[in-house]
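Here is how the chains run, residue by residue.
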Amino acid sequence: MENELLLEAKALYKDRIRIALSAFIIVFSFTFFVYYTTGIAGIGEHYPGHGITQGLQVVAAFNNFGLLVAVALMVFAFRFWSWAFLPGPASLFTMSVLKGILGPYALIQQSIGKRFKVTLDNGLSFSLRCSIEEKGTDEWFTYRLMSNKLQNGNLRDVALRHGFSLKGNRFVASVSNDELHHRTLLLAKAMIVATASL
Amino acid sequence: MVTDTNDATVYELIQLMASLNDTRRAILLALAHIYPRSVSGVQLSRLIGYSGKSRSLYRGVISHLQENEMIQIDQLTPKLYAIRINNEHPLLNVLVDLCKIHGKHSRKMYLKALEEE
């Protein structure tokens, strides 16, 4: 059973990578043009000195550093963009799964860094972070569920019984996109159990 | 051995198993049947009918199951791992007991699948 929204998100994600790559090529050629033709910020024609010193001056020229900085900026911008934002259908998928299982009264906030913060109507809250894995795994789209800090004696038992592990008084688990629905439910239930048996 | 397998625990076990995706569920069921035997990553991926590479099975699935203390992994050599179900887990020990009592035939099938030629 493949989810339509997920398939769409996957395709869109690939498209976005392609668009980013082509944009990179265009911007790169433009920067290259600006720095290495005479005229705009172009490379100078005359360097004082002879032989090696002249060569070194060309290497250390403003243009080379300018190009390096420009490329670094482009890479940084792309990294930031892919760290911060989810493809539209993917965040729509996440939102609708969460809304579907937690009901209309749960407050779901999406924030930068592919994060979601969920506050249930009973005041309990947890966060989930989405990551798009590419290397080494077959799963391309996974979530990290993490509850808020809880205080109770037998938290570990409650965590294990709901398929979570306990780290620093929080319930945590990595779940795949097809588990999101049910394991979110279990997380909410585990948090209620943990706070009820105080 | 746990003997007070009451309804509430079985209910929780069903809920836990239902929350996992089919790969993880298959792993836990297979490992529960063959307990206390352990298997290597390659054996496990054959046992559950996993089509991808066993390395990706390890990174994406097995490591997460280990994090949630559902399975235990012993590293025998740098490349060889012994994977078995965590019988200390409050719900999975119930599953192991159920498999031990009612799953004799399935256990035979799993063990036959593990035999080397």
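Conventions used here
Residues numbered from 1 in each chain as written. Chains lettered and ligands numbered in written order. Predicted model: local features only at pLDDT ≥ 70, side-chain atom pairs only at ≥ 80, totals over all residues. Heavy atoms only, no water. Helix = DSSP H or I, 4+ residues; strand = E, 2+ residues; numbered from the N terminus. Rg over C-alpha atoms; globule rule 2.2 N^0.38 Å. Buried < 20%, exposed > 50% of the residue type's maximum accessible area, 1.4 Å probe, protein only. Patch = residues over 30% accessible without salt bridge, like charges linked within 9 Å, V, L, I, M, F, W, Y side chains within 5 Å. Areas by Shrake-Rupley, 256 points an atom, 1.4 Å probe, with all protein chains shown as cover. Salt bridge = Lys/Arg side-chain N within 4 Å of Asp/Glu carboxyl O. Contact = heavy atoms within 4.5 Å. Buried area = accessible area lost by both parts, 1.4 Å probe. Polar contact = N/O pair within 3.5 Å; in protein donor to acceptor, adjacent residues only side chain to side chain. Axes fitted to C-alpha atoms, helices over the stretch in contact; angles between N-to-C directions. Parallel < 35°, antiparallel > 145°, perpendicular 65-115°, else oblique. Left-handed = near helix turned anticlockwise from the far one by under 90°. Phe/Tyr/Trp six-rings, centres within 6.5 Å; stacked < 30°, edge-to-face > 60°. Lys NZ or Arg CZ within 6 Å of the ring centre and 35° of its normal. Pairing = 2+ DSSP bridges.

Peer 1: Tell me about the overall build of chain B, residues and numbers included.
Peer 2: Counting secondary structure elements, chain B contains six helices and two strands. Taken from the N to the C terminus, the helices and strands of chain B come in the order α-α-α-α-β-β-α-α. A compact globule built from 117 residues would reach a C-alpha radius of gyration of about 13 Å, and chain B, at 14 Å, matches this within 12%. For chain B, the spread of C-alpha atoms along the three principal axes comes to 40 × 30 × 25 Å. Put simply, chain B has 117 residues, and 47% of those count as buried.

Peer 1: Account for a nonpolar patch on the surface, with residues named and values stated.
Peer 2: All names here are of chain A. Where nonpolar side chains cluster on the molecular surface, the patch consists of Phe76, Phe80, Trp83, Phe85 and Ile112 and spans about 530 Å² of accessible area. Relative to the assigned elements, Phe76 resides in helix H3 (residues 62–84). Look at Phe76 and you get exposed, because its relative accessible area is 55%.

Peer 1: How would you explain the interface of chain A and chain B if you had to name every residue and give the values?
Peer 2: Interface size is commonly expressed as the accessible area that is lost once the parts come together. Taken together, the contact pairs 26 residues of chain A with 25 residues of chain B. Counting the surface lost from both chain A and chain B, the interface buries some 2100 Å², and carbon and sulfur atoms represent 45% of this. Scanning the region where chain A abuts chain B turns up five salt bridges. The partner of Glu69 of chain B in a salt bridge is Arg156 of chain A, with the nearest N and O atoms 2.8 Å apart. On the surface where chain A and chain B come into contact, there are 14 residue pairs in polar contact (both at pLDDT 80 or more). Elements supplying a minimum of two residues to the side of chain A that touches chain B: helix H5 (155–161), strand S5 (165–167), strand S6 (170–176) and helix H6 (180–196) of chain A. Element by element, the count of residues in the side of chain A that touches chain B is highest for S6 of chain A, at five residues.

Peer 1: Help me get a handle on the packing of helix H1 (residues 4–36) of chain A against H3 of chain A, residues and values and all.
Peer 2: Residue and element names in this part refer to chain A. The N-to-C vectors of H1 and H3 enclose an angle of 165°; their axes lie 10 Å apart at closest approach. The angle between H1 and H3 falls in the class roughly antiparallel. Relative to H3, H1 is oriented so that their crossing is right-handed. For the pair H1 and H3, contact is made by Arg16, Ile17, Ala20, Phe24, Val27, Phe28, Thr31, Phe32, Tyr35 and Tyr36 and by Phe62, Asn63, Asn64, Gly66, Leu67, Ala70, Val71, Met74, Phe78 and Trp81, respectively.

Peer 1: Can you break down the packing of aromatic side chains residue by residue, with the values?
Peer 2: Residues and elements named next belong to chain A. Applying the stated rule across the entire model yields six aromatic pairs over all chains. For the pair Phe141 and Tyr143, a centre-to-centre distance of 5.4 Å together with 45° between the ring planes defines the contact as tilted. Through pairs of rings, three or more aromatic residues link up here, namely Phe24, Phe28 and Phe32. When the ring centre of Phe164 is taken as reference, the NZ or CZ atom of Arg183 above it lies at 5.7 Å.

Peer 1: Describe the sheet that holds strand S4 (residues 142–147) of chain A, and please don't skip the residues or the numbers.
Peer 2: All names here are of chain A. Here six strands make up an open sheet; going across it, the order is S1-S2-S3-S4-S6-S5 and the pairing antiparallel. Edge positions in the open sheet fall to strand S1 (107–111) and S5, since each of these has one partner strand only. Direction aside, the axes of adjacent strands within the sheet are offset by 25° on average. Both strand S2 (residues 115–119) and strand S3 (residues 125–131) contribute to a ladder of five bridges, which runs antiparallel. The residue bridging Arg115 from the neighbouring strand is Arg129, located in S3. Where H6 meets the sheet, it contacts S3, S4 and S6, and its direction lies at approximately 170° from that of S6.

Peer 1: Describe in detail the pairing of S1 of chain A, supporting the description with residues and values.
Peer 2: Residues and elements named next belong to chain A. With five bridges joining them, S1 and S2 adopt antiparallel strand pairing. Bridge pairing links Ser111 to Arg115 in S2. Between S1 and S2, which follow one another and run antiparallel, lie three residues, and Gly113 among them has a positive phi close to 95°.

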